[in-house]
Amino acid sequence: MTDNSWPEAVFRVLKSGNVRQIAFVPDAGLADLIRRAQSDPAIRDLVLTTEEEGVAIACGAWLGGQRAVLLMQSSGVGNCVNMFSLLASCQFPFLTLVAMRGEYAEMNPWQVPMGRATQQVLELMGIQVMRANTAREVEDTVRAAIDAVFEANDRVAVLLGQKLIGRKKWESD
Amino acid sequence: MIETGRVNRREYVTALIAEIPDALIITGLGSPTYDVYAAGHRPQNFYLWGAMGAAVPVALGLALAQPERSVVAVTGDGEHLMGVGALATIGAAQPSNLTVVVLDNAHFGETGMQCSHTGLGTDLRAIARGFGIETVIQVDSLADVSPVADRVRTRVGTTYVHVLIHADELPRALPPRDGVANKNAFRAALELPTF
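Quick caveat: nothing in here was measured; it's all calculated off a predicted structure.

1. So, the overall build of chain B
Piece 1. Scanning chain B for helices and strands turns up eight helices and eight strands.
Piece 2. Relative to the globule expectation of 16 Å for 195 residues, the C-alpha radius of gyration of chain B, 15 Å, shows essentially globular dimensions.
Piece 3. In terms of overall dimensions, chain B has C-alpha extents of about 50 × 35 × 30 Å along its principal axes.
Piece 4. Counting over 195 residues, chain B shows a buried share of 50%.
Piece 5. Nonlocal contacts in chain B, meaning residues at least 24 apart in sequence, comprise 75% of its contacts between residues at least 6 apart.

2. Brief notes about the pairing of strand S1 (residues 24-27) of chain B
All names here are of chain B.
Piece 1. On S1, burial covers both faces: Leu24 and Ile26 on one face and Ile25 and Thr27 on the other are all buried.
Piece 2. When S1 meets strand S3 (residues 71-76), the two strands line up parallel, connected through four bridges. When the bridges of S3 are listed, Ile25 appears paired with Val72.
Piece 3. Bridge count for S1 against strand S2 (residues 45-47) is three bridges, and the pairing is parallel. Directly across from Thr27, in S2, lies its bridge partner Tyr47.
Piece 4. Handedness of the crossover joining S1 and S2 through helix H2 (residues 31-38) is recorded here as right-handed.

3. Observations concerning the interface of chain B and chain A
Accessible area lost upon the coming together of the parts is a frequently used measure of interface size.
Piece 1. Contact residues are listed per partner, giving 29 residues for chain B and 30 residues for chain A.
Piece 2. Put simply, the parts of the chain that give the side of chain B that touches chain A at least two residues each are helix H3 (55-65), helix H5 (86-93) and helix H8 (179-189) of chain B.
Piece 3. By residue number, the principal contributor to the side of chain B that touches chain A is H3(B), which donates eight residues.
Piece 4. Within the side of chain B that touches chain A, the residues separate by chemical class into 19 nonpolar, eight polar and two charged.

Scoring rules and cut-offs
- Residues numbered from 1 in each chain as written.
- Chains lettered and ligands numbered in written order.
- Predicted model: local features only at pLDDT ≥ 70, side-chain atom pairs only at ≥ 80, totals over all residues.
- Helix = DSSP H or I, 4+ residues; strand = E, 2+ residues; numbered from the N terminus.
- Rg over C-alpha atoms; globule rule 2.2 N^0.38 Å.
- Buried ≥ 20, exposed ≤ 12 C-beta atoms within 10 Å, placed from the backbone.
- Contact = placed C-beta atoms within 7 Å.
- Pairing = 2+ DSSP bridges.
- Right-handed = clockwise from strand over helix to strand, strands pointing away.
- Nonpolar A, V, L, I, M, F, W, Y, C, P; charged D, E, K, R; others polar.

Rendered as structure tokens:
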């Protein structure tokens, strides 16, 4: 798999996993995936004002028999902390794909504190963390997460490493 | 002294639910959870005991998953304002089967009746309209039950209902706090397996 074809593979996996609602706060690294969700009539895309809405929406979707996924940047994980208690209290299945900032080749120091704490914050709130750092491993990792979440009723975050997402472009070429 | 232009929360919630027997109801933590439970338990109720701000977005996810059912969030002004951005998300999504009912006493009832933002200048109806919800209904009398119930049942558009209630503390009516059991029973009522 080439470095820029992983969003297509991830979208295919979400589709085959029967995900019907995709809620997101945008990140540049998720832009391709979001475009695919928006152009698919079988998927309901929901732009959020804050990531914690997506946690609650996923729970509501599950109450009604649909699978949802939350797409967010690592900074958004911090916005979700108390809402994650809903997942633990009711044992809702939950899948989020998190585009990492504040790690590989980060040049904005403001991204570093939350990026560095992201995995621990998720784990402290009872969410299993999986990670994909290369295009080669993304598809299988997301597929494994879907199985764990919707077949085994688990709560899983897949961190999409900043090395996978690539360096942020600050000026147009 | 009982203020005029405000309703008894229990009487209003009980009368509304009686007219929408098929609705799926999500309740916001604190008194709205007690009000809905006091109206009589039904498996189509999902009671939040925590996750402040969750009632409206949980109802949104449910409404999108169950477009042929009427979905109602019943919450209070404090719980609602903590997650008020979800109204913008609803304004963008416009689920025709979702009704948001906000019981507004302008106080945080669960924590000692501190004055809340709606008593200090916040205009919830203007907020809802500003977020793109066109149908906004103010309730200040028990006579206002049927028009709201009609909107709920007909599922013809997202509806925001601002219910002005007395700032009194009624006896607590506590539903079970077992969220897992509530989730499973709610799904069973929709003929869905536990997972």
